[in-house]
Amino acid sequence: MSQTWYECKVKYRKIHETGEQKVTTETYLLDAISYTEAESRINEEMAAYTSEEFLITNIKVANFSEVHPFENSDRWFKSKVSLIAFDEKSGKERKTNIYLLVQANDVKEAYDNTIQAMKGTMGDYTIPVISESPIMDVFPYFSGDEGDLKELEKFNALKDSTLEPTNALNEDLEALDTFENEEALAVGTLDGEED
């Protein structure tokens, strides 16, 4: 089952660096199975984040196919990726657009991170647009199973990391990436896709 991401806009009183309080509206992203669950989850996340009262002003389905956190990054960028396929019947190229949410510090790093996220892709693609997203934070859903808890720890470690990566961490991430690619290939083969 694929994930459905919801953008939630939350309005609350925030203390800024200057020490003054201002009413701020911020956007958060979370995955859920319905609007009702999205509302419930954003209430839980915001209650843990702020002691101030808050108002959920908008919840809408986001059009992200994938979300990729990266180390040492603090902003989120929306990358438009055009997958290129050749239609044998008409003899023309077809482009299908997908959108990735990628964590980075600037547009150049977002481009590099998008290339890294697309590393396992077999087909051709282009990246026509990368823009900074207003999303402040991402709250993925994890069921609480032991395997999900490990995935949650890895996701949060990547998202919140501020230290230089160690070789052991790089090896763990490469092993995870290799495992996911092999799993995707196995699933594709089971679904009738050929190499």
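Residues numbered from 1 in each chain as written. Predicted model: local features only at pLDDT ≥ 70, side-chain atom pairs only at ≥ 80, totals over all residues. Heavy atoms only, no water.

Could you give an account of the overall build of the chain, with specific residues and numbers?
Regarding its fold elements, the chain presents four helices and eight strands. Reading the helices (α) and strands (β) of the chain from amino to carboxyl end gives β-β-α-β-β-β-β-α-β-β-α-α. Residues classed as buried in the chain amount to 29% of the 195 residues present. Entry remark: accessible area of the chain is about 12,800 Å², with carbon and sulfur atoms responsible for 49%. (Helix = DSSP H or I, 4+ residues; strand = E, 2+ residues; numbered from the N terminus. Buried < 20%, exposed > 50% of the residue type's maximum accessible area, 1.4 Å probe, protein only. Areas by Shrake-Rupley, 256 points an atom, 1.4 Å probe, with all protein chains shown as cover.)

Any details on the environment of E53? Residues and values, ideally.
In this structure, E53 sits in the loop between α1 (35–49) and β3 (54–61). When the C-alpha atoms of E53 and R13 are compared, they prove to be 7.5 Å apart, with 40 residues separating the residues in sequence. Leaving out residues up to four positions away in the same chain, E53 has contacts with K11, Y12 and R13. (Contact = heavy atoms within 4.5 Å.)

With reference to specific residues and values, describe the environment of D31.
You can see D31 is positioned in strand β2 (residues 21–31). Taking C-alpha positions, D31 is 6.3 Å from Q3, a pair spaced 28 residues apart along the chain. Excluding its chain neighbours within four sequence positions, the residues that come into contact with D31 are Q3, T4, W5, R41, F139, P140 and Y141. Separated by 2.4 Å, the side chain of D31 and the backbone nitrogen of Y141 make a polar contact. (Polar contact = N/O pair within 3.5 Å; in protein donor to acceptor, adjacent residues only side chain to side chain.)

Account for unusual backbone geometry, naming residues and giving values.
Backbone geometry at N72 places phi at a positive 55°, although glycine is not the residue there. Inspection of the secondary structure assignment puts N72 in the loop between β4 (66–68) and β5 (75–87). N72 sits in the partly exposed class, given a relative accessible area of 24%.

Give a detailed account of the confidence of the model for the chain, specifying residues and quantitative values.
For the chain, per-residue confidence averages 80 on the pLDDT scale, and 71% of positions sit at 70 or higher. Contacts from residues 162–170, a stretch scored under 50 in pLDDT, to residues over four places away or in other chains number eight contacts. Contacts from residues 178–195, a stretch scored under 50 in pLDDT, to residues over four places away or in other chains number four contacts. (pLDDT = per-residue confidence, 0-100.)

Now, about the pattern of salt bridges: what can you tell me, with residues and values included?
Within the structure shown, the criterion is met by four salt bridges. Close ionic contact of D31 with R41 constitutes a salt bridge, the shortest N to O distance being 3.6 Å. Of the two residues, D31 is situated in strand β2 and R41 in helix α1; the sequence distance between them amounts to ten residues. You can call D31 buried: its relative accessible area is 6%. A relative accessible area of 9% means that R41 is categorised as buried. R75 is paired through a salt bridge with E132; the nearest N and O atoms lie 2.9 Å apart. Here R75 is found in strand β5, whereas its partner E132 is found in strand β7 (residues 124–132), with 57 residues between them in sequence. With a relative accessible area of 31%, R75 lands in the partly exposed category. The class for E132 is partly exposed, based on a relative accessible area of 46%. (Salt bridge = Lys/Arg side-chain N within 4 Å of Asp/Glu carboxyl O.)

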